[in-house]
Each structure stands twice: as C-alpha cells, then as structure tokens.
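Secondary and tertiary structure notes
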Amino acid sequence: QVQLVESGGGLVQAGGSLRLSCAASGLIFSRYAMGWFRQAPGKEREFVAAINWSGGTTYYANSVKGRFTISRDNAKNTVYLQMNSLKPEDTAVYYCAADWFKADAIRTGGSSYDAWGQGTQVTVSS
C-alpha cells in the first residue's frame, strides 16, 4: 500500500522558517509527481506547490511564490517544502500528495492525486 508521511510542522513566529518533509513508500516514487496542499479551519483545501517526476519543473500558488521552495530526492523517496518568511495566513494543515500520470507533468487539482498523507500542522503566530 502507498503511504505518505509528513513531518516538520510546528509553531513558528511570523517571518520564521520551517522545512516540511514527506517520506513515501509503496510506490515507484520517481514516476509520481508530488504536491503539497494545505487546509485551514473552515476553508477549502488549496494547492501550494508541485514538482514533476524528475524534479526539473516546479509550480507554486501565487500566495507562496518567492517564499516557498519544493524539492525532491528520488533516491530517498522524499519530497520537501522549504517555507521561508512565514505569515499568519500560512497557518494550516499541510498535506503531501502523489499524482500518477502518464506524462512528466504537473497538475494542481486535488482530485488528480492518488495518495495523501495524514498532514502536519503549521501554525504561524504574529
């Protein structure tokens, strides 16, 4: 079975940084695009960032562009989200997701993703 396990969340002051990790198992990691999504209480899940099979292409939501960086290490079956200059509005549960697709491409819709982690809480205080 496919498992995705996030880690690295926590409480941080505005302007601070966190690095989230997502360890994958039960899948051929190098043939899945990987994405990060987040959901705040009372709000819908939203796309944050994604990276293609080989790691050569990334895409970010406008709200995090320039502050967050997604990367992957296929040898370690791990995807990362480096979050800098954090803002209170970044507070949410962050989910890692895997997307199998026949093309080496990025998709941003949550329904496109085949497996999800349990999530890790990120809280940014002011």
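Now for a look at the structure at hand. Not measured: the values here are computed from a predicted model. (Residues numbered from 1 in each chain as written. Predicted model: local features only at pLDDT ≥ 70, side-chain atom pairs only at ≥ 80, totals over all residues. Heavy atoms only, no water.)

Digging into the packing of aromatic side chains
If you walk through the whole model with that rule in mind, you get 5 aromatic pairs. Seen in terms of ring centroids, Tyr-113 and Trp-116 are 6.1 Å apart; in terms of plane orientation they differ by 55 degrees. Their pairing is tilted. Relative accessible area serves as the criterion here: at 6%, Tyr-113 is assigned to the buried category. We classify Trp-116 as partly exposed; its relative accessible area is 28%. Each residue in the set Phe-37, Phe-47, Tyr-59, Tyr-113 and Trp-116 is aromatic and connected to the rest through ring pairs, giving one cluster. The lysine or arginine in question, Arg-31, covers the ring of Trp-53, its NZ or CZ lying 5.0 Å from the ring centre. The ring of Phe-29 is capped by Arg-72, whose NZ or CZ atom sits 4.4 Å from the centre of that ring. (Phe/Tyr/Trp six-rings, centres within 6.5 Å; stacked < 30°, edge-to-face > 60°. Buried < 20%, exposed > 50% of the residue type's maximum accessible area, 1.4 Å probe, protein only. Lys NZ or Arg CZ within 6 Å of the ring centre and 35° of its normal.)

What about the state of the cysteines?
Across all of its chains, the model carries 1 disulfide by this definition. The disulfide bridge from Cys-22 ends at Cys-96, spanning 2.1 Å between sulfur atoms. Between Cys-22 and Cys-96 the sulfur-sulfur dihedral comes to about -80 degrees; the bridge is accordingly left-handed. Residue Cys-22 is located in strand β3 (residues 18-25), and its partner Cys-96 is located in strand β9 (residues 92-100); the two are separated by 74 residues in the primary sequence. Judged by relative accessible area, Cys-22 falls into the buried class, the value being 0%. The exposure class assigned to Cys-96 is buried, which follows from its relative accessible area of 0%. (Disulfide = S-S within 2.5 Å. Helix = DSSP H or I, 4+ residues; strand = E, 2+ residues; numbered from the N terminus.)

So, the sheet that holds strand β1 (residues 3-7)
Pairing is antiparallel in the open sheet, where 4 strands are placed in the order β1-β3-β8-β7. Looking along the sheet, the strands with just one partner apiece sit at the ends: β1 and β7 (68-73). Taken over all neighbouring pairs, the strand axes of this sheet differ in orientation by 15 degrees on average, direction set aside. (Pairing = 2+ DSSP bridges. Axes fitted to C-alpha atoms, helices over the stretch in contact; angles between N-to-C directions.)

Describing the pairing of β1
Side chains Leu-4 and Glu-6 project from β1 onto a buried face, and the interleaved Gln-3, Val-5 and Ser-7 project onto a face without burial. Note: β1 against β3, 5 bridges, orientation antiparallel. When the sheet's bridge partners are listed, Ser-7 is paired in β3 with Ser-21.

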